[in-house]
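Below are the chains, spelled out letter by letter.
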Amino acid sequence: MTIGTLVLSVAAVALLLTLIIGLTTKRIENWIISFLQNFCGALFIFSGWVKAVDPLGTAYKMEQYFAEFESTFSGTWFSFLAPMFPQLAEWAIGFSVFMIVFEIVLGIMLLIGSSRKLTAWAFFLLVAFFTVLTGFTFLTGYVPAGVNFFQFGQWGPYVETNMKVTDCGCFGDFIKLAPFTSFMKDVFLLVPSVLFLVFHGKMHQLMGAGGRTATVILGTAALTLYCFSNYMWDIPHTDFRPFHNEANIRLEKELEDLAENNAEVIAYKVTNKETGETAQFPIDEYLKKYKDYPKEEWDLEQIKAKPVVKVVKTADGYGIPSAEGEPYEAELASYLAQQWELEGDTTAKVVERSKISDFELSGGPEGGDVTYDILNNPDYSFMVVAYKLYTEKEEVTTQMLRDTIYKVDTVAVEDTIKLVRSIDRVDKRQIEQTTYHFGKDYLDPWMDIVNPVLAEAQQEGFKVFGATSFASPEKLEQFQAASNSSYPFYTGDDILLKTIVRSNPGVVLLKNGKVIGKWHYKKLPTYDELKASYMQ
C-alpha cells in the first residue's frame, strides 16, 4: 500500500461515517468539520494501531532520535540539553506505549467528539510536534557529514544519505515514508488542526457525556494492555517486517543484490567542493564533459535507474535473463513466480532494498563471515537472537604480567661448541581485563527456558547458534559460561537483530534460509512441540 492509497481509503471511510452520522443522528452542525473529524480520527487510529502491534519498533525509532538529538545539541548553545537524551532513551519503551495509546485515543476522541476543546488543542499540539520532528528529519539531508545542524551557513545540497534517521516511523513498518513525504503529511494535517481550534464548537458529538468518557477510559486501558502484550509476553501477532514467518532470507537477499547490480547508471551529479554548486548530466553528456569536472574540485554521484528484476517464461519453467541473454537463477525465478503475479511471457518489477540485504553475521573459529553457511544450511537450525547482552556491572581489573626474554650464547666445551640459553631480562607489562556480571533476571530465561529446548535440538544434530550485537570475545565467552550456552555466538548489526525478532532473547527456526517460525522466549514451545508442528 502507498500513502496515496491509504489517504484515499481513509477519506472514503471518513465520508461514509460522516454520511451515517449526518443521516441517522442529526448531530452534525458543520459537514466539513465533521468530515475532517472523521478523517483525522480514522487516520490517527490506523497509524496508532500499526504501531501498537509493535511498540518496540517505535521505541527503537525513538532511541535513534534521542541519539541524533544528543549529537546535534552537543557543542552548541544548547549543549546543556544533550545529557538528558541518553536518559530519555532508557525510558524509550515507556514513551513509545504512551505516544501510541495517546494517538489512538485522540483519534477515538475526534470520532466521538469527546471534550471538544481539549481534543482540538491536543490534536494541534501533537501535529505541531510531529511537524517539527519530521521537518528536522528531512532538513538533516542538507547537513553534510561533520557539520552540525545549527551551522546553517555550511548546509549543502540535499543528500538522502546525510540523514541519520531515514524515516519517521509514522506508520511503523507498515509503510515507509520518505522524510519529505512525512513532513508534507504533517503540514497538511496542520490545516484541520487549526480549524478544530477555531470551530471546536461545531464538532459533532456522539453518545452522551458519560458514554464518551467511559469509551475513552476503557479504550485507554484496553490499548495499554494490548501494547504491553505485544512485547512483554509475546512478539507482534502481525509482522510487517521483512523477516516475517515464511520469508526466505536467502532468496530475498539474492533478489535484492541482483536488483541493485542490475540498476543502470543513467546520469551523474557533480557538486563543487568549495561553492556547493551542483549540476546533473545524462550519462552520454557527462562522458563528453567529465574532463571539465576534475575529482580534486568536484564530488561525483551516480544517479541510477530503479532496480528492476525480470522473470521470463522458459521451456523448463521460469528464468531470469542474464546480461548475455540466457536465463539463469532458476530457483530464484521459480520463487518469484510464486510471489509475483506473472503477466505474459515477461514480468518486470522494481525491487527495493530492505533490511534483508543487511543480513550478515560474523564469528566462527576464525572470526569470518558465516552468513552464507547459515542461509544455505539445508537442514533445520535455531538462531537465538539477543540484540544486546545486558550486564549488571562491568569490572575492569589490572593484571601485571612478566615476560621473560631469553638469549642464546655459544660456549666452547672441550672440542665442541654448545648453545646455552640464559635469561636476558624480565619485562613487566600491565593488561586490563574486564569481568562482566550478568543479572539473574536476564540469565534465567536463557537457563530455564531457551537453552533446555536448544540442548535437545543439539543432541539430535541440529545446528544452534546465538546472534548478538558486536561484542568482545571476552564478553561472549563469559556470557556463554554464565548462561550455560553450549553453542557459538555470532555478531551483527544491532538494528538488524532488533528487526528480526522483538524479543531478547528470541528464537528463530530456519531451514535453507527460510524463516519457519519465531518466538518470544515466554512463548517458546517445548522441543517435542516444535518437532511435531514445525519440523516435518
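Q: What is the right way to read the overall build of the protein chain from this model?
A: Counting its secondary structure elements, the protein chain contains 16 helices and 16 strands. Oriented by its inertia axes, the alpha-carbon framework of the protein chain measures out at about 125 × 65 × 65 Å. Split into buried and exposed, the 536 residues of the protein chain put 42% on the buried side. Taking contacts inside the protein chain between residues at least 6 apart in sequence as the whole, the part at least 24 apart equals 71%. On the protein chain, roughly 28,900 Å² of surface is accessible, and the fraction owed to carbon and sulfur atoms is 57%.

Q: What is the right way to look at the packing of aromatic side chains in this model?
A: Two aromatic rings are characterised by how far apart their centres lie and by the angle between their planes. For the coordinates displayed, the defined rule picks out 47 aromatic pairs. Their ring planes at 45° and their centres at 5.1 Å tell us that Phe 44 and Phe 123 sit as a pair that is tilted. Here Phe 44 is found in helix α2 (residues 31-52), whereas its partner Phe 123 is found in helix α6 (residues 116-139), with 79 residues between them in sequence.

Q: What am I meant to see in the environment of Glu 360 here?
A: Inspection of the secondary structure puts Glu 360 in the loop between β7 (346-350) and β8 (362-363). Judged by relative accessible area, which is 46%, Glu 360 ranks as partly exposed. Considering only alpha carbons, one finds Glu 360 and Thr 491, 131 residues apart in sequence, at a separation of 8.4 Å. Beyond its immediate chain neighbours, meaning those up to four positions away, Glu 360 contacts Lys 253, Thr 371, Thr 491, Gly 492 and Leu 496.

Q: Where do I start with the nonpolar core in this structure?
A: A general feature of soluble globular proteins is that nonpolar side chains tend to end up buried together. Counting 43 residues, the largest nonpolar core has Cys 40, Phe 44, Phe 69, Phe 123, Phe 171 and Phe 196 as the members making the most contacts within it. Put simply, the parts of the chain that give this core at least two residues each are α1 (3-24), α2, α3 (55-73), α5 (92-112), α6 and α7 (179-198). Beyond its immediate stretch of four places on either side in the chain, Phe 123 contacts Cys 40, Phe 44, Leu 106, Leu 110, Leu 189, Pro 192, Ser 193 and Phe 196. Among the nonpolar cores identified, the runner-up in size contains 40 residues, and Leu 56, Val 101, Ala 467 and Ile 500 belong to it.

Q: What is the right way to read the pattern of salt bridges from this model?
A: A pair can form between side chains of opposite charge whenever their charged atoms are brought close. Scanning all chains against the criterion turns up 16 salt bridges. Two residues, Glu 103 and Lys 51, come together in a salt bridge whose shortest N-O distance is 3.0 Å. Taken together, the residues span a long stretch of sequence, with Glu 103 in helix α5 and Lys 51 in helix α2 at a distance of 52 residues. Grouping residues by exposure puts Glu 103 and Lys 51 together as buried. Linked by salt bridges that have partners in common, Asp 54, Asp 239, Arg 241, Arg 502 and Lys 518 make up one network.

Q: Looking at this model, I keep getting lost on the packing of α3 against α5. Mind explaining?
A: Geometrically, a packed helix pair is captured by the angle between its two axes and the distance between the axes. At their nearest, the axes of α3 and α5 sit 8 Å apart, and the two run at 115° to each other. Viewed along their axes, α3 and α5 form a crossing whose handedness is right-handed. When α3 is examined against α5, the residues Pro 55, Leu 56, Thr 58, Ala 59, Met 62, Glu 63 and Phe 66 are found in contact with a partner set consisting of Ala 92, Ile 93, Phe 95, Ser 96, Val 97, Met 99 and Ile 100. Across the contact of α3 with α5, the residue classes tally to 11 nonpolar, two polar and one charged.

How each quantity is defined
- Residues numbered from 1 in each chain as written.
- Predicted model: local features only at pLDDT ≥ 70, side-chain atom pairs only at ≥ 80, totals over all residues.
- Heavy atoms only, no water.
- Helix = DSSP H or I, 4+ residues; strand = E, 2+ residues; numbered from the N terminus.
- Buried < 20%, exposed > 50% of the residue type's maximum accessible area, 1.4 Å probe, protein only.
- Contact = heavy atoms within 4.5 Å.
- Areas by Shrake-Rupley, 256 points an atom, 1.4 Å probe, with all protein chains shown as cover.
- Phe/Tyr/Trp six-rings, centres within 6.5 Å; stacked < 30°, edge-to-face > 60°.
- Core = buried A, V, L, I, M, F, W, Y, C linked by side-chain atoms within 4.5 Å.
- Salt bridge = Lys/Arg side-chain N within 4 Å of Asp/Glu carboxyl O.
- Axes fitted to C-alpha atoms, helices over the stretch in contact; angles between N-to-C directions.
- Left-handed = near helix turned anticlockwise from the far one by under 90°.
- Nonpolar A, V, L, I, M, F, W, Y, C, P; charged D, E, K, R; others polar.

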